[in-house]
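Residue-level listing of the chains:
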Amino acid sequence: MSEKPLYHRVLLKLSGEALMGNSNFGLDPAVLHRLAQEIKEVLALGVQVGIVVGGGNLFRGAALSKAGLDRISGDYMGMLATMMNAIAMRDVFENNDIDTRVLSAIPMSGMVDHYDRRKAIHHLNSGRVVIFAAGTGNPMVTTDSAASLRGIEIGADVILKATNVDGVYSADPVIDKNATLYKRVTYREVLNKELRVMDLAAFCQCRDQNISLRVFNIAVPGNIKKVILSEDVGTLVERGEE
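Residues numbered from 1 in each chain as written. Predicted model: local features only at pLDDT ≥ 70, side-chain atom pairs only at ≥ 80, totals over all residues. Heavy atoms only, no water.

Draft legend 1. Representation of the pairing of strand β11 (residues 235–238) in the model. Both strand β9 (residues 184–186) and β11 contribute to a ladder of three bridges, which runs parallel. Bridging from a neighbouring strand, V185 pairs with V237 of β11. Judged from the three bridges that link them, strand β10 (residues 212–217) and β11 form a sheet pairing that is antiparallel. In the strand pairing of β11, L213 is matched with V237. (Pairing = 2+ DSSP bridges. Helix = DSSP H or I, 4+ residues; strand = E, 2+ residues; numbered from the N terminus.)

Take a look at the structure:
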């Protein structure tokens, strides 16, 4: 029996921290190769994949500003960090025979192409993975907001929010061992219960544009394919009854 995916086109939001592995900084090549193999399995199902990658494994604008650096400068450094991650991912993906394009929100001539919505959709329709780098190109905006914006622009069926926990909990599961994992929750419930899903501006943008979110644990091998095939993995956040 053939495997039938739940989605045709997805936007995967990867934090920079997801690329560190067991390290405290930088990139773990083993993690990149595992991600490449998992993405390859998803592509084999006929699913189109766009990726927004963060840069927190290299730089964080907010943290740098607390150390005395100008916040705007720190955010631009963070955008460059996402570019470094995107180029590394592209190289590893291509080494695993995955046709990949990096589109940057800020011009980076000679390294990657500048972001263009129609170009992104063309690449996706051609079976290529598209990695969106440099956030939205604006400081004071998180890569969560970049994920919601790009997901909406490319017409993704869902935004897959990769985290280091199994989904959305009633409380921080690291602190509260009795925290409950939600399998399905509405946008209103998330707001009313003040559950932590993603940046509030990005979250509200997804709600207003009626695009669903799936929150899942990227650290579990095989979870990317599982979340594409099964509703039992992670937490689904959707509009529901208003």
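From this point, things continue past the structure.
Draft legend 2. Structural view of the packing of aromatic side chains. Evaluation of the coordinates by the stated rule reveals two aromatic pairs. Between the aromatic rings of Y115 and F132, the centroid separation amounts to 5.8 Å while the plane-to-plane angle is 70°, which identifies the pairing as edge-to-face. With Y115 in the loop between β4 (113–114) and α4 (117–125) and F132 in strand β5 (residues 129–133), this pair connects stretches of sequence that are 17 residues apart. When its relative accessible area of 15% is taken as the criterion, Y115 is described as buried. On the basis of relative accessible area, F132 is assigned to the buried category, the value being 2%. On the basis of an interplanar angle of 55° and a centroid distance of 4.8 Å, the ring pair of Y187 and F203 is categorised as tilted. (Phe/Tyr/Trp six-rings, centres within 6.5 Å; stacked < 30°, edge-to-face > 60°. Buried < 20%, exposed > 50% of the residue type's maximum accessible area, 1.4 Å probe, protein only.)

Draft legend 3. Here's a closer look at the sheet that holds strand β2 (residues 48–53). Taken in spatial order, the nine strands line up as β4-β3-β5-β2-β1-β6-β10-β11-β9 in an open sheet, and their pairing is mixed. Across the chains shown, the open sheet's two edge strands, defined by having one partner strand only, are β4 and β9. Against the sheet, helix α5 (residues 143–153) touches β1 (9–14), β2, β5 and β6 (158–163), its axis set at about 175° to β1. (Contact = heavy atoms within 4.5 Å. Axes fitted to C-alpha atoms, helices over the stretch in contact; angles between N-to-C directions.)

Shape is all these values report; function is a separate question.
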